[in-house]
2 protein chains.
Amino acid sequence: MRSVSIIGAGITPFGVRPESAVRLGAEACRTAMEDAGIGPDRVEAFFLGNFAGHAFMGQNHLAPMVAHAAGLGPVPCTRAEGACASGGLAMRQGVLAIASGAVDVVLVAGVEKMTGAATGETAQILAAAGDYESEASIGATFPALFALIARRHMHEYGTTREDMARVAVKNHAHGYLNPGAHLQIKITLEEVLGSRPVADPICLLDCSPISDGAAAVVLCPGEMAADLHPKPIRVLASAQASDAPALSDKSDITRFQSTCRAAEEAFRRAGMQPEDIDLAEVHDCFTIAEIMALEDIGFYRKGEGGRGACEGETALGGAMPVNASGGLKAKGHPVGATGVAQICEIALQLRGDAGPHQVPGAEVGLAHNLGGSGATCAVHILASGA
Amino acid sequence: MRSVSIIGAGITPFGVRPESAVRLGAEACRTAMEDAGIGPDRVEAFFLGNFAGHAFMGQNHLAPMVAHAAGLGPVPCTRAEGACASGGLAMRQGVLAIASGAVDVVLVAGVEKMTGAATGETAQILAAAGDYESEASIGATFPALFALIARRHMHEYGTTREDMARVAVKNHAHGYLNPGAHLQIKITLEEVLGSRPVADPICLLDCSPISDGAAAVVLCPGEMAADLHPKPIRVLASAQASDAPALSDKSDITRFQSTCRAAEEAFRRAGMQPEDIDLAEVHDCFTIAEIMALEDIGFYRKGEGGRGACEGETALGGAMPVNASGGLKAKGHPVGATGVAQICEIALQLRGDAGPHQVPGAEVGLAHNLGGSGATCAVHILASGA
């Protein structure tokens, strides 16, 4: 397969934004193209991650809408959807398109505009990422599904409410340093534990927020990268896997098989082990999800993922910082944007351009993007250098 | 680029179906895998075309749902969405995935379950394929948009109501021979012209119906095809292009630039001309759309597309049959399924397995799938032989 590199990255500030998804997406695209030093006429294909533009704002068929607003030519425009992993899937389609030889310069973006809907409506829209018949139709929203998962993880492995809360404290401390984060506020362990219960044992501060935002990257073949950007980033692996969508169809809800499989394939393709990774952005839609991701990827043994935040290993300054950007938890989680924003964050870190939350000297990073309650997972491994 | 072949095809009967989109999709997948003589364990990646499962039935994240119901393993499952071209885009992602070398055996499906919604609701859901701000939000549904297009085509080129009506008569005559078609009824010129006005000059019988259905194909690298199926079909070209989504942003609404560009690229990649095509399935969501497709693809000069049906050239038994299956007009138009069903139809025709609507001796076929009012277009050229 032809190798692929990242030569441009752009993220809009996440938060409550007045713009439409089309405008947010176009803003990220323009920033990424500017970072790559290319005009829209250089882009040969466009992939967009978006989960629910139709439900949130009545606009389906978003890929050509965003492309047109960003000034692209009449190039192929494709939306990829895999719930909260939509951005990761768009990234993977971009990588495959270049690897196939069909195109050279590809723009990949992700976007979601969520804050226009009422809270109850938003919960219902998000529930469409699970199995409608067996979950959403009987009111099992995502906090409820992850509460079942968390409770089982606590039962099996002795994971505690404090273990989970420390993930929130850590990621908010990181997000406090990220000027683009939705929630730039530090929080304490006591505040997390005392926050409003949502679905026991998950409290409000265990949940990622409802955010608007967009992110984009410019990709090109590895052999072209050094000519186009002074600090290109290599895509060492792009892996994806799936699992049974409904919790009731999984044999073990304390692990996401899609994460295990995608991570295993990513490490195999990159010729690496978990210990070769310098930093990671993982899908912490709820605090328990970060703990499980650390285990399923292979950074910790099963049941020991809580150690990461408790012992400081996954904090900025620790052995392997996780979600230095603030993660979904504090940076925000505009669903379709998240997977692409993770790629942007890792790329900027590996370039040394991450700003106040920079991880010094990072050379290899991993991005983990999960859809639904684990039905879809995308894992990418990136490295600095041409 | 690595060549790709089709080794299995399956279409569910189109019409009013009681099953969910998940079950319809799984049914088509099983039929296609059976036709290919492979079990679900051979499939390495899955791509699904779907337009609005979320709006029609509350279920987003459909790709892993359908894959799980069809018995696939934990393989990458990706939904592609490009309005009514969603199926064509899923097909193209499948082709790119194999061409990249990442996978060998790929299952591509398309599905839509539409008949559960009320008529007004359906019109609103479909309108989300256009530009929401400038079209859908002010009530410009798709019959209205294509009425503007038809009126301009009549004004510029002298196209008549009768030219359009003859497309409906021809495609219903074809659909009458297709046991899987939604509308297996012959209609007369007088019936079309006298049918209820929907948006002048478009009448009820100028419109494709609201249908449920699914279709699937199994793809593999060209070099593997002969070992897996006695009559493999080669994908000579897979091309895609886009155009400004809103009618008000197009310089000429009598042609779809996305079709012109995708067709031009497809012919270039296949090393062919329009006259090399033996039969075509084109996107006749409205009768005027078939006339424009014939012109934009290059089968007729601009303004002369109406000749095809009037002079019998595009009828079964004519020089180049168009929509021998009945097309969207009579076979039905379950939006996300349509692009994949077109590929199935062409593949079955080239194998000589199309049944009562077989085009004798066809060796090269073209499938044209349009999204929205031309914002997206996918064109595939297929040929018989390993």
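Now for a quick tour of the structure. (Residues numbered from 1 in each chain as written. Chains lettered and ligands numbered in written order. Predicted model: local features only at pLDDT ≥ 70, side-chain atom pairs only at ≥ 80, totals over all residues. Heavy atoms only, no water.)

This part takes up the state of the cysteines. Residue and element names in this part refer to chain B. Under the criterion given, the structure shown has 0 disulfides over all chains. Its sulfur unpaired, Cys29 is 9.6 Å from the next cysteine sulfur, which belongs to Cys77. Here Cys285 stays unpaired: no disulfide links it, and the sulfur of Cys84, its closest cysteine neighbor, is 6.5 Å away. Judged by relative accessible area, Cys285 falls into the buried class, the value being 8%. (Disulfide = S-S within 2.5 Å. Buried < 20%, exposed > 50% of the residue type's maximum accessible area, 1.4 Å probe, protein only.)

A few words on the relation of the copies chain B and chain A. At an RMSD of 0.0 Å, chain B and chain A line up after a rotation of 180° and a shift of 0.0 Å along the axis. Taken together, these values place the two copies in the relation of a two-fold axis. Taking C-alpha positions as reference, the residue of chain B nearest the rotation axis is Ser100(B), located at 1.8 Å. Mapped onto chain A, 100% of the interface residues of chain B are again interface residues, and the two copies thus contact each other with one and the same surface. (Least-squares fit on C-alpha atoms with pLDDT ≥ 70 in both. Contact = heavy atoms within 4.5 Å.)

Another aspect to go through is helix H10 (residues 257-270) of chain A. Residues and elements named next belong to chain A. Here H10 contains 14 residues, and its C-alpha end-to-end distance of 20 Å stays within 8% of the 20 Å for a straight helix at 1.5 Å per residue. Within the sequence span of H10, burial applies to Ser258, Thr259, Cys260, Ala262, Ala263, Glu265, Ala266, Phe267 and Ala270. Next to the buried residues of H10 lie strand S8 (233-242), helix H11 (287-297), strand S10 (364-371) and strand S11 (376-384). Phi for Gly271, located one or two positions after H10, is positive at around 65°. (Helix = DSSP H or I, 4+ residues; strand = E, 2+ residues; numbered from the N terminus. Expected span 1.5 Å × (residues − 1).)

Given two aromatic rings, one states the distance between the centres and the angle between the planes to describe the pair. All names here are of chain A. Taken as a whole and judged by the stated rule, the model has 6 aromatic pairs over all chains. Between Phe146 and Phe256 the ring centres are 6.0 Å apart and the planes differ by 65°, which places this aromatic pair in the edge-to-face class. Separated by 110 residues along the polypeptide, Phe146 in helix H6 (residues 142-157) and Phe256 in the loop between S8 and H10 bring together distant segments of the chain. For Phe146, a relative accessible area of 0% corresponds to the buried category. We classify Phe256 as buried; its relative accessible area is 3%. Chaining the aromatic ring pairs together yields one cluster made of Phe142, Phe146, Phe256 and Phe286. (Phe/Tyr/Trp six-rings, centres within 6.5 Å; stacked < 30°, edge-to-face > 60°.)

With that settled, consider the pairing of S11(A). Residue and element names in this part refer to chain A. When you tally the buried positions in S11, you get 8 out of 9 residues, the bulk of the element. Inspection of the sheet shows S8 paired to S11 by 9 bridges, in the antiparallel sense. Looking at S11, one finds that Ser242 is bridged to Thr376. By the bridge criterion, 8 bridges tie S10 to S11 in an arrangement that is antiparallel. (Pairing = 2+ DSSP bridges.)

Bear in mind that shape data such as this cannot, by itself, settle questions of function.
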